[in-house]
Amino acid sequence: MTHTTTAPAPFTAADYRARMARAARSAAKAGLSGLLVAPGPDLVYLTGYQPVTTERLTLLVLAEDRDPVLVVPTLEAPDAAHAAGAPALSLRDWTDAKDPYAVASALLPGKGRFGVSDNAWAMHLLGLQRQLPALSYVALTEALPMLRAVKDPAEIARLEAAGAAADEAYGEILKVRFSGRKETEIAAELAELLLRFGHSQVDFTVVGSGPNGANPHHEAGDRTIVEGDMVVLDFGGLKHGYGSDTTRTVHVGEPSTEEQHVHNVVLAAQQAGYDAVRPGAACQDVDRAARKVIDAAGYGEYFIHRTGHGIGVTTHEPPYMIEGEERELVPGMCFSVEPGIYLPGRFGVRIEDIVTVTESGGRRLNNTPREMAIVE
Ligand code: GLY
Ligand code: MN
């Protein structure tokens, strides 16, 4: 397997200007006065600016009838001015002696309803509320769940590169010894491999061995892996600012008939979920397709999570492949298809690929074998 070390062309101020304009338009269409965006994934997506979130207020104000303004602490203004999206907005800095909420509220109307990024700190929202009690707020994901959901080709290329890097990490981890080693050791090696293959950040390295595999998001711990264990490996992070997230379930030595059977069921469910991906299908159709296979095999009660989640500048975001989500799949959406069966006290199996929607159906961004690998 090869991997490219070439960094993609960075997003430009024009890219960020277009994203901010689209966000402001979508907000107006949704009946909102605008959007208030705190440091976090929405701000990264809209401006390329990624400050550390602190008690000092940083806030992007977006509205259709005004140019974007970023309220920023004076001491952080030089960094903000260097963000790729900075040429597409103006900065309004405030010094420590000032009330930042007064500065921000001067940019806002006295009444109306604003979408607020999900991760805005309560103290900042409460500070604004004090200044402008007649404004109301709605979580951005609730108001505009699809804001970041449809990826453009440059974003898909990044997700593809992140997926390829995760695939390379998996290829390498299969070569190491599992038996006699602690979960934490395998997790550390997975993290090191993700970084080696170009990730800048590792978000999770689930190593769920034996009974720990029945806990879907098991935190790798001190358990020593032994011959006969099923091991769930779920790992991901960010490469060039976009996420990877893949799961494979391996076995130390030869599996039992039951273990192989459960793995076969999950494999078939993952394939069914993938096959359901096409433009116009509802998100819930992907969940239903995967769940149907597991239900039919008699393991329905042991599939205890949704089938998938979107991925982009974060590793979990809309759209969600879950019963009740009737939104239609659109080309450019990228999300996981990751059914699992978790048998408490015994073992678990999950298989996960990131999939992107194309005009003709799904395309996998993870391409390592999904069949159960036998490790030492
Ligand atoms: N890994 C399953 C989920 O977070 O939905
Ligand atoms: Mn996932």
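Structure: see above.
Let us look at the structure shown here. What you are looking at is a predicted structure, and each value in this text was computed from that prediction instead of being measured. (Residues numbered from 1 in each chain as written. Chains lettered and ligands numbered in written order. Predicted model: local features only at pLDDT ≥ 70, side-chain atom pairs only at ≥ 80, totals over all residues. Heavy atoms only, no water.)

Thoughts on helix 1 (residues 13–29)
Moving on, step 1. For helix 1, built from 17 residues, the straight-helix expectation of 24 Å at 1.5 Å per residue is met to within 8% by its first-to-last C-alpha distance of 24 Å.
Moving on, step 2. All buried positions along helix 1 are accounted for by Ala13, Tyr16, Arg19, Met20, Ala23, Ala24 and Ala27. For helix 1, the arc enclosing every buried residue in end-on projection is 130 degrees, short of the 170-degree limit, so these residues lie on one face.
Moving on, step 3. Residue Gly31 follows helix 1 closely and has a positive phi angle near 85 degrees. (Helix = DSSP H or I, 4+ residues; strand = E, 2+ residues; numbered from the N terminus. Expected span 1.5 Å × (residues − 1). Buried < 20%, exposed > 50% of the residue type's maximum accessible area, 1.4 Å probe, protein only. Arc of directions from axis to C-beta.)

Considering the site of ligand 1
Moving on, step 1. As a structural note, the neighbourhood of ligand 1 is formed by His217, His305, Arg306, His316 and Glu338.
Moving on, step 2. One nitrogen or oxygen atom from the side chain of Arg306 is found 2.8 Å from an oxygen atom belonging to ligand 1.
Moving on, step 3. The separation between a nitrogen atom of ligand 1 and a polar side-chain atom of Glu338 is 2.9 Å.
Moving on, step 4. For ligand 1, the protein covers 93% of the area, taking 200 Å² as the surface of the free molecule.
Moving on, step 5. In a pocket analysis with a 2 Å cut-off to the grid points, ligand 1 is assigned to the second largest pocket.
Moving on, step 6. The residue inventory of the shell around ligand 1, partitioned by class, reads no nonpolar, three polar and two charged. (Near = heavy atom within 4 Å. Polar contact = N/O pair within 3.5 Å; in protein donor to acceptor, adjacent residues only side chain to side chain. Areas by Shrake-Rupley, 256 points an atom, 1.4 Å probe, with all protein chains shown as cover. 1 Å grid on protein atoms, 1.4 Å probe; cavity = no way out; pocket = protein on both sides within 12 Å on 5 of 7 lines; lining within 4 Å. Sits in = over half its atoms within 2 Å of the grid points. Nonpolar A, V, L, I, M, F, W, Y, C, P; charged D, E, K, R; others polar.)

Some remarks on empty space enclosed by the protein
Moving on, step 1. With the rule as written, the count across this model stands at one cavity of 30 Å³ or more.
Moving on, step 2. In this structure, the largest cavity occupies an estimated 50 Å³ of space.
Moving on, step 3. The dominant element in the lining of the largest cavity, judged by the number of residues it contributes, is helix 5 (residues 122–131), at three residues. (Points joined across faces, edges and corners; volume = space filled by probe spheres on them.)

Let's talk about the sheet that holds strand 5 (residues 112–116)
Moving on, step 1. Read across the open sheet, the six strands follow the order 4-3-2-1-5-6; overall the sheet is mixed. Where the open sheet ends on each side, the last strands, each with one partner, are strand 4 (90–94) and strand 6 (135–139). Between one strand axis and the next, the sheet turns by 25 degrees as a mean value, whatever way the strands run.
Moving on, step 2. One ladder, built from four bridges, connects strand 2 (residues 59–63) with strand 3 (residues 66–73); its direction is antiparallel. (Pairing = 2+ DSSP bridges. Axes fitted to C-alpha atoms, helices over the stretch in contact; angles between N-to-C directions.)

Topic: the environment of Ala289
Moving on, step 1. For Ala289, the location among the structural elements is in helix 10 (residues 283–296).
Moving on, step 2. If sequence neighbours within four positions are ignored, Ala289 has contacts with Ala272, Gly273 and Ala276. (Contact = heavy atoms within 4.5 Å.)

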